[in-house]
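Topology and contacts: notes
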Amino acid sequence: MKISVPRAISFNTLGSFFVFLSLPLSLSIIIYPFINITNLIIVLFFIGLLIRRRNRFITFHSASVTRKLIENTLGLMKLNYTYELDILTVNKTRTQILIRSIGFFTVIIFNMIEKDSKREKYIMNTLIKYQQLSSKSSF
Amino acid sequence: MQKEKVHFEIDINVPQENVFDFLTDPKNIPLVLPGLVENYNIPELPIKKGSTFNFRYQILGVLLDGKTIIDEIERSSIYNFTTEGEVDSKWLQNMTTKNGGTHFTLDVEYTPPRSWLDKAKLTMIQEINRRDAEKYTKNLKELLEMQS
């Protein structure tokens, strides 16, 4: 058995992690009052709240690899798309996908046209799932 | 050993042949089955009774490898297979024409490996598998209807 290491994490998960991490850290002030970690807790809590947004993901490969994986997946799904001004648009649903490079990471932002559209949510989940795949045999 | 069963059915607004062609190409399945990471060592298409290929499935962050064996395949209506390895399961998939579209039925019978049972509650695994099977049918509908 092998443990799977995620290559794409949603901002929602990351933000929640920071927020919840700040809670046990707060308790540690009571236990270890001589350690000044108040600033760290405040920073973590507010970073967590700030980045907790749906439809945003962080991947651990370059923007070009991220874009290539998205295009390959859309090809596999037989969904047409256009690429203009750094925005990839899925023709069928008009969902826009922005890919932004931030240092060693890449951020993927999905701009949904409809609220709670099952199709758009399915496209987003599938594109993120395929960001995790490194094997070329999947395409 | 205890066996678990999952049953789902759904109407898909595309012709029966489209559903069958999609399902019988193993490289398509990770697009609709959330826990399936990949199918590999896929033989030349079309696959037939007795064809085999390998799969990698992820559950609770653990990757499980195994082999799929095609038990029964009948153009446009039946596609049944069993999986062996760390996950033993039997998949029965039936397609019939309904109002110009397809009525798709899925029955999955699986045996949770003992090692999982040691680590996690059976009910949790049952829920994950039930959710995966439900998403499989719904994703199949979404994707094929978008493609048409």
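Taking an unreviewed UniProt entry as the reference, chain B is identified by name as SRPBCC family protein.

1. With respect to the overall build of chain A
Counting its regular elements, chain A contains four helices and seven strands. Put simply, chain A runs from its N terminus to its C terminus through helices and strands in the order β-β-α-α-β-α-β-β-β-β-α. Across the 139 residues in chain A, those meeting the buried criterion constitute 38%. Partitioning the contacts of chain A with sequence separation of at least 6, the portion at a separation of at least 24 is 57%. A total of about 8,500 Å² of accessible surface is found on chain A, and carbon and sulfur atoms cover 61% of it.

2. Topic: helix H1 (residues 16-23) of chain B
For the α-helix, the turn length of 3.6 residues means that residues three or four positions removed from each other point alike. All buried positions along H1(B) are accounted for by Gln16(B), Val19(B), Phe20(B), Phe22(B) and Leu23(B). All buried residues of H1(B) lie within an arc of 165 degrees about the axis, which places them on one face of the element.

3. Considerations on the UniProt feature "transmembrane region" (unreviewed entry) in chain A
Under the present numbering, the feature "transmembrane region" (unreviewed entry) in UniProt falls on residues 7-23, 29-51 and 97-113 of chain A. With 0% helix and 76% strand, residues 97-113 of chain A has end C-alpha atoms that lie 11 Å from one another.

4. Structural notes on unusual backbone geometry
A cis amide bond, omega 0 degrees, links Leu45(B) with the succeeding residue Pro46(B). Tracing the chain through its elements places Pro46(B) in the loop between strand S2 (36-40) and strand S3 (52-59). Phi is positive for Leu85(A), which is not a glycine, with a value near 50 degrees. Relative to the assigned elements, Leu85(A) resides in the loop between strand S4 (81-84) and strand S5 (87-90). Unusually for a residue other than glycine, Asn99(B) sits at a positive phi of about 50 degrees.

5. Some words on empty space enclosed by the protein
Residue and element names in this part refer to chain B. Summed over the entire model, instances satisfying the criterion amount to one cavity of 30 Å³ or more. A volume near 360 Å³ is recorded for the largest cavity. Residue lining of the largest cavity: 25 residues in total, with Leu33, Tyr57, Thr83, Ser89 and Trp91 positioned closest to the centre. At the level of elements, S2, S3, strand S5 (78-85), strand S6 (88-98), strand S7 (101-111) and helix H3 (122-147) are the ones that each hand at least two residues to the lining of the largest cavity. Across the lining of the largest cavity, the residue classes break down as 18 nonpolar, six polar and one charged.

6. Points about the nonpolar core
One finds Met77(A), Ile97(A), Val19(B), Leu23(B), Phe104(B), Tyr136(B) and Leu140(B) to be the most contacted residues of the largest nonpolar core, which totals 57 residues. In terms of residue count, H3(B) provides more of this core than any other element does, seven residues in total. With sequence-adjacent residues up to four places away left out, Met77(A) is seen in contact with Tyr122(A), Ile123(A), Thr126(A), Leu127(A), Leu31(B), Leu143(B) and Gln147(B). Counting six residues, the second-largest nonpolar core is a separate cluster that includes Ile51(A), Ile58(A), Leu98(A) and Ile109(A).

7. What about the pattern of salt bridges?
Within the structure shown, the criterion is met by 15 salt bridges over all chains. A salt bridge links Lys5(B) to Glu109(B); the shortest N-O distance between them is 4.0 Å. Placement of Lys5(B) in strand S1 (residues 4-12) and of Glu109(B) in strand S7 is noted, with a sequence separation of 104 residues between them. Residue class for Lys5(B) comes out exposed when judged on its relative accessible area of 66%. Among the charged side chains, a network of salt bridges with common partners joins Arg119(A), Lys141(B), Glu142(B) and Glu145(B).

8. Description of the confidence of the model for chain B
Detail in the predicted coordinates should be disregarded across regions flagged by low pLDDT. Residue and element names in this part refer to chain B. Averaged over all residues, the pLDDT of chain B equals 90, while 93% of them reach at least 70. Looking across chain B, the model is least confident in helix H2 (residues 114-119), with a mean pLDDT of 60, and most confident in H1, with 97. The ipTM for the predicted assembly is 0.86, set against a pTM of 0.82.

Calculation criteria
- Residues numbered from 1 in each chain as written.
- Chains lettered and ligands numbered in written order.
- Predicted model: local features only at pLDDT ≥ 70, side-chain atom pairs only at ≥ 80, totals over all residues.
- Heavy atoms only, no water.
- Helix = DSSP H or I, 4+ residues; strand = E, 2+ residues; numbered from the N terminus.
- Buried < 20%, exposed > 50% of the residue type's maximum accessible area, 1.4 Å probe, protein only.
- Contact = heavy atoms within 4.5 Å.
- Areas by Shrake-Rupley, 256 points an atom, 1.4 Å probe, with all protein chains shown as cover.
- Arc of directions from axis to C-beta.
- UniProt positions renumbered as here; feature names shortened; annotations may be inferred.
- 1 Å grid on protein atoms, 1.4 Å probe; cavity = no way out; pocket = protein on both sides within 12 Å on 5 of 7 lines; lining within 4 Å.
- Points joined across faces, edges and corners; volume = space filled by probe spheres on them.
- Nonpolar A, V, L, I, M, F, W, Y, C, P; charged D, E, K, R; others polar.
- Core = buried A, V, L, I, M, F, W, Y, C linked by side-chain atoms within 4.5 Å.
- Salt bridge = Lys/Arg side-chain N within 4 Å of Asp/Glu carboxyl O.
- pLDDT = per-residue confidence, 0-100.

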